[in-house]
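Spelled out from the first residue to the last, the chains are:
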Amino acid sequence: MRCSGMFRSVLRCLRINPVAGHRSMSQSSLTGKVAIVTASTDGIGLAAAQALGKKGAHVVVSSRRQANVDRAVALLQSQSIQVTGTTCNVGKAEDREKLVALTLQKYGGVDILVSNAAVNPFFGNTMDSTEEVWDKILSINVKASFLMTKLVVRTNKPGALGPYSVSKTALLGLTRVLAPELAPSNIRVNCVAPGIIKTRFSSALWQNEDIMDEFKKQISMRRVGEPDEIGGVVAFLCSDEASYITGETITVTGGMSCRL
Ligand SMILES: NC(=O)c1ccc[n+]([C@@H]2O[C@H](COP(=O)([O-])OP(=O)(O)OC[C@H]3O[C@@H](n4cnc5c(N)ncnc54)[C@H](OP(=O)(O)O)[C@@H]3O)[C@@H](O)[C@H]2O)c1
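All residue numbers here refer to positions counted from 1 along the written sequence of the relevant chain. For a predicted model such as this one, the threshold for reporting local features is a pLDDT of at least 70, and the threshold for listing and counting side-chain atom pairs is 80 or more; totals across whole chains, interfaces and linings nevertheless cover every residue. Calculation of side-chain values draws on the structure's entire complement of heavy atoms; hydrogens and water are dropped beforehand.

With that settled, the discussion passes to the overall build of the protein chain. Counting secondary structure elements, the protein chain contains eight helices and seven strands. Burial here depends on accessible area, computed with a 1.4 Å probe over protein chains only, as a share of the maximum for the residue type. Under 20% is buried, over 50% is exposed, and the range in between is partly exposed. When the 260 residues of the protein chain are sorted by exposure, 34% land in the buried category. Residue pairs in contact within the protein chain that sit at least 24 positions apart in sequence constitute 66% of those at least 6 positions apart. Helix and strand definitions follow DSSP, with helices as H or I runs of at least four residues and strands as E runs of at least two, each counted in order from the N terminus. Two residues qualify as a contact provided that any one of their heavy atoms is within 4.5 Å of a heavy atom in the partner residue.

Right, here's the structure in full:
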């Protein structure tokens with residue numbers, strides 16, 4: 001995907017009442033709300049903290065370097081924004097916990113989380129990127145966003161496949177990125193996204209009648225797929241019949257509504 005890698009999660013947590021998405025009496029006022037903005041001592045994060053603060057929110061700014069935190073706090077205070085700050089490298093568990101603990105101790109809750117931190121230690125051809133680069137980017141840009149969210153949102157919805165789904169969604173982006181890079185080498189890159197296929201991997205789903213009854217309501221063909229119904233699509237994409245297809249994701253789901 002060509003869109004930015006920034007995952008900006010803007011969460012209005014249900015601290016007092018479940019009003020996510022509601023507007024308060026004054027449409028623009030965030031008076032009394034508490035906002036954590038990560039990586040907020042410069043750039044977009046600082047601008048977000050400033051904008052939230054100007055609408056009346058208490059903002060908690062942070063980044064890795066104390067000097068940057070001090071500078072940002074001083075700047076925001078000079079604009080009469082209610083602000084506190086601490087160091088927090090979002091890649092470190094103890095730093096994330098310290099940030100949330102400080103916020104809870106000072107303000108008693110969190111209403112807004114702007115998960116703004118991201119790194120990009122690599123510019124160049126994707127094929128030249130190393131495992132270390134991937135670990136760093138996914139750890140900071142994806143995993144830390146979730147772990148920050150988890151620290152401030154205490155809900156637990158059973159049955160979801162969160163981390164798995166996120167990892168698979170990333171492959172859509174990988175397909176889009178690699179396709180143009182490898183096209184000059186006459187290599188096509190496509191992705192197959194199966195629905196529920198009857199294998200050991202998904203046995204927890206199709207062996208459970210209650211779960212399957214629910215799923216079948218969402219599958220137009222009212223049945224799970226067979227492995228060879230995926231194999232055929234893979235073979236098609238790899239064949240000359242697909243010689244003009246690259247960068248695509250084909251869903252093979254029996255008509256299950258697509259959540260990609
Ligand atoms: N600028 C763009 O054109 C653009 C476009 C699309 C998306 N984005 C996204 O916007 C977000 C912010 O980027 P930006 O352009 O505002 O960057 P920026 O101006 O370079 O600011 C980066 C901020 O992040 C802090 N930081 C860096 N690594 C951190 C870490 N591991 N933990 C906590 N804080 C960290 C830095 O302070 P310290 O050095 O003190 O840690 C600094 O405050 C990122 O998610 C980026 O992917 C930017």
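This part takes up the nonpolar core. What tends to happen in soluble globular proteins is that the nonpolar side chains get buried as a cluster. Remark: nonpolar core denotes a set of buried residues (Ala, Val, Leu, Ile, Met, Phe, Trp, Tyr, Cys) joined through side-chain atoms within 4.5 Å. With 18 residues, the main nonpolar core has Leu52, Val59, Val61, Leu76 and Val83 as its most contacted residues. Counting only elements with at least two residues in this core, the list comes to strand E2 (34-37), helix H1 (43-54), strand E3 (58-63), helix H2 (66-78) and strand E5 (112-114). For Val59, the residues in contact, after removing those within four places along its chain, are Ala35, Ala49, Leu52, Gly53, Leu76, Ile81, Gln82, Val83 and Thr84. Within the second largest apolar cluster, 16 residues are counted, among which are Leu99, Val100, Val110 and Leu151.

Of all residues adjacent to the ligand, which total 16 residues, the nearest are Ile44, Ser63, Arg64, Arg65 and Asn116. Between the ligand and the protein, one listed contact pairs an oxygen atom with a side-chain N or O atom of Thr41 at 2.7 Å. Using a 1.4 Å probe, accessible areas were evaluated by the Shrake-Rupley method; residue-level cover was limited to the displayed protein chains. Burial of the ligand by the protein amounts to 69% of the accessible area it has alone, namely 890 Å². The class makeup of the residues in the shell around the ligand is six nonpolar, seven polar and three charged. Near, as used in this document, describes a residue that has one of its heavy atoms within 4 Å of the molecule or strand being considered. Any pair of N or O atoms that falls within 3.5 Å is considered a polar contact. Within protein, one atom must be able to donate a hydrogen and the other to accept it, and sequence-neighbouring residues count only if both atoms are side-chain atoms. In this count, Pro and Cys sit with the nonpolar residues alongside Ala, Val, Leu, Ile, Met, Phe, Trp and Tyr, while Asp, Glu, Lys and Arg are called charged and the others, Gly among them, polar.

Bringing the environment of Asp95 into the picture now. By the secondary structure assignment, Asp95 is in helix H3 (residues 93-107). Remark: the alpha-carbon pair of Asp95 and Ser62, spanning 33 residues in sequence, is separated by 9.9 Å. If sequence neighbours within four positions are ignored, Asp95 has contacts with Cys88 and Asn89. A polar contact is formed between the side chain of Asp95 and the backbone nitrogen of Asn89, at a distance of 2.8 Å.

On to a nonpolar patch on the surface. Surface patches are drawn from residues lacking salt bridges whose relative accessible area is over 30%; two like charges belong together within 9 Å, two nonpolar side chains (Val, Leu, Ile, Met, Phe, Trp, Tyr) within 5 Å. Any carboxyl oxygen of Asp or Glu within 4 Å of a side-chain nitrogen of Lys or Arg constitutes a salt bridge here. Among the surface-exposed residues, Trp134, Leu138, Val142 and Val166 lie close enough to one another that they form a single nonpolar patch of about 330 Å² accessible area. With three residues, helix H4 (residues 131-152) is the single largest residue contributor to the nonpolar patch.

It is worth spelling out the confidence of the model for the protein chain at this point. pLDDT is defined as a per-residue confidence score from the predictor, taking values between 0 and 100. Taken residue by residue, the protein chain gives an average pLDDT of 87. The fraction at 70 or more is 86%. Here residues 1-27 is modelled with pLDDT under 50, and outside its nearest four sequence neighbours on either side it reaches 43 contacts, counting other chains as well.

Our focus in this paragraph is the packing of H3 against H4. Structural elements are reduced to axes, namely lines fitted to C-alpha atoms, with helices fitted over the stretch in contact, and the angle between N-to-C directions of any two is expressed from 0 to 180 degrees. Where H3 contacts H4, the axes come no closer than 10 Å and their chain directions differ by 35°. Crossing geometry of H3 relative to H4 is assigned as right-handed. Note on element contacts: H4 touches H3 through Ala144, Leu147, Met148, Leu151 and Val152, opposite Arg96, Glu97, Leu99 and Val100. Among the residues making up the contact of H3 with H4, the classes are represented as seven nonpolar, no polar and two charged. Left-handed describes a crossing whose near helix is turned anticlockwise from the far helix by less than a right angle; the clockwise case is right-handed.

Where burial is concerned, most of strand E4 (residues 83-87) is hidden: four out of the five residues are buried. For E3 and E4, the ladder comprises five bridges, and the chain directions are parallel. What sits directly across from Val61, in E4, is Gly85. Orient the strands so they point away from the viewer, and a crossover whose first-strand-to-second-strand path over the helix runs clockwise is right-handed. Regarding the hand of the β-α-β motif, the stretch spanning E3, H2 and E4 is right-handed. We treat two strands as partners when DSSP finds at least two bridges between them.

Once that is clear, we can look at H2. Helices are assigned an expected span. That span is 1.5 Å times one less than the residue count. Taking 1.5 Å of rise per residue, 13 residues should cover 18 Å, and H2 covers 18 Å from first to last C-alpha, within 8% of that figure. The set of residues buried in H2 consists of Val69, Ala72, Val73 and Leu76. The buried residues of H2 all sit within an arc of 100° when viewed along its axis, so they share a single face. Of the exposed residues in H2, those oriented more than 90 degrees away from the buried face are Ala67 and Ser78. The directions from the helix axis to the C-beta atoms form the arc being described.

Before going further, it helps to spend a moment on unusual backbone geometry. For Ala39, which is not glycine, the phi dihedral falls at a positive 50°. Along the chain, Ala39 turns up in the loop between E2 and H1.

Each aromatic pair joins two rings of Phe, Tyr and Trp (for Trp, the six-membered one) with centres within 6.5 Å, and gets the label stacked for planes under 30 degrees apart, edge-to-face for over 60, and tilted for any other angle. Per the stated rule, a full pass over the model turns up one aromatic pair. Between Tyr164 and Phe201, the aromatic rings sit 5.6 Å apart at their centres with planes inclined by 45°, giving tilted as the arrangement. Remark: Phe201 occurs in the loop between strand E6 (191-194) and helix H6 (203-206) and Tyr164 occurs in helix H5 (residues 162-182); sequence separation between them is 37 residues. For Phe201, a relative accessible area of 65% corresponds to the exposed category.

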